[in-house]
Amino acid sequence: RAKAHQRGGHFTFSRAMGAEMRERVRMMHALRAAFANKELTLAYQPQVNLATRQPMGAEALLRWQRPDGSFVPPDRFIPIAEYSGLIIEIGQWVIETACAELVRLRALGHRAFTMSVNVSQVQFRHPYFVDMLRGALARTQAPPEYLHLEITESVAMEEPDTLIRMLAQIKETGVSIAIDDFGTGFSSLSYLQRLQVDCLKIDRAFVSEITESARGSSIAEMVVQLGRNLGLSIVAEGVEDERQAQVLEALGCPYAQGYLFSRPITPQQLAEWLATHNAHAA
Ligand code: C2E
Ligand code: MG
Ligand code: MG
Ligand code: MG
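One numbering rule holds for all chains: residues counted from 1, following each sequence as written. The order in which chains are written sets their letters, starting at A; the order in which ligands are written sets their numbers, starting at 1. Only residues with pLDDT of at least 70 are given local features in this predicted model, and only at 80 or more are side-chain atom pairs given and counted; all residues enter the totals for whole chains, interfaces and linings. Hydrogens and waters are ignored; side-chain quantities use all the structure's heavy atoms.

Novice: For this particular structure, what's the right way to read the confidence of the model for the protein chain?
Specialist: Should pLDDT be low for a region, the predicted coordinates there are not to be read in detail. Known as pLDDT, the predictor's per-residue confidence is scaled from 0 to 100. Mean pLDDT over the protein chain: 91, with 91% of residues reaching 70 or higher. Quick note on the complex model: pTM equals 0.92, ipTM equals 0.98.

Novice: Could you clarify how one ought to interpret helix H10 (residues 218-230) in this entry?
Specialist: The periodicity of an α-helix, 3.6 residues per turn, causes residues three or four positions apart to be oriented the same way. The terminal C-alpha atoms of H10, which comprises 13 residues, lie 18 Å apart, in line with the 18 Å expected from a rise of 1.5 Å per residue. Taken together, the buried positions of H10 are Ala220, Val223, Val224, Leu226 and Gly227. Axial view of H10: buried residues confined to an arc of 165°, hence all on one face. Those residues of H10 that are exposed and aimed more than 90 degrees away from the buried face are Arg228 and Asn229. At its buried positions, H10 is contacted by strand E8 (176-182), helix H8 (189-194), strand E9 (199-202), strand E10 (233-236) and helix H11 (242-251). Positive phi shows up at Gly231, right after H10, with a value of about 70°. Helix and strand definitions follow DSSP, with helices as H or I runs of at least four residues and strands as E runs of at least two, each counted in order from the N terminus. For a helix, the expected span equals 1.5 Å multiplied by the residue count minus one. The cut-offs for exposure are 20% and 50% of the maximum accessible area for each residue type, with area from a 1.4 Å probe on protein chains only; residues under the lower value are buried, those over the upper are exposed, and the others partly exposed. Working note: the arc is built from the helix axis to C-beta atom directions. We call two residues contacting when some pair of their heavy atoms lies within 4.5 Å.

Novice: I would appreciate a short explanation of the environment of Ala271 in the present structure.
Specialist: Along the chain, the position of Ala271 falls in helix H12 (residues 267-277). Judged by relative accessible area, Ala271 falls into the buried class, the value being 15%.

Novice: Looking at this structure, I do not really get H12. What am I missing?
Specialist: By the burial criterion, the buried members of H12 are Leu270, Ala271, Trp273 and Leu274. Along H12, the residues classed as buried sweep out an arc of 160° about the axis, all on the same side.

What follows is the structure in structure tokens.
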């Protein structure tokens, strides 16, 4: 059994705790310090209308840059943030910062631009999530109809009644819901129909398969059809080349994001990207 004892204000763990546990605890302290020291920032990846290639919105993505310049990938630190509960504070900061950025872009004339924010399962299950969301909207004065929350399909599969109630409360705020990485989970179609969601995001894995084989586009095609039948918007993720974009457009997928259009960029770069790519706004 693992034993912990106090020494000099820090816990030292017996070897039985294992290297993995020590590494997690070390990462957790490092992450808390990084958040306090403002080493966490948001990058924004543009989303476009596939037919016109005009900007539609952006997805906010967390970045952790260490003082030495190196980046810790989100797939490494977000599980730590979830496990430690830090995601509650960090996630609130993400929503407020993305809302403030949305307001700033609107002031620059990008009035139809949407902002998507990832919400983890742990945040979503927190009893004050909807109150926090309302507070963030009120403090930043962001228009809720331009804010989209992305939840993963695994969240969408848990405790149907609780989830359905949560989604209804979020809908009341005016904020939209997207299901991220759609197609990677196993949610049933009848269940999906009961959920008040607005958008499905086709997972990058299915986008990359599109041009690989004759049947490679079948999952993307199915998601597009499903979205259409349910009256949902569709965003394809991870579009890296023109052929993928063309197949998706031919399948009837309205929106996309990926390195073909832009990598995730800084707020300054996003404003510049919009100024050069938006035919309508200044
Ligand atoms: P996601 O929400 O599915 O985000 C899409 C990921 O695909 C991002 O990785 C993005 O940089 C990457 N990507 C976009 N276009 C392309 C492309 O053309 N090719 C390739 N190969 N990759 C592309 P990133 O930024 O490393 O984020 C990974 C995951 O971390 C996200 O997946 C999301 O689940 C999570 N995440 C990021 N920011 C947040 C956050 O603020 N809160 C929460 N809870 N999770 C976040
Ligand atoms: Mg996402
Ligand atoms: Mg995704
Ligand atoms: Mg993902």
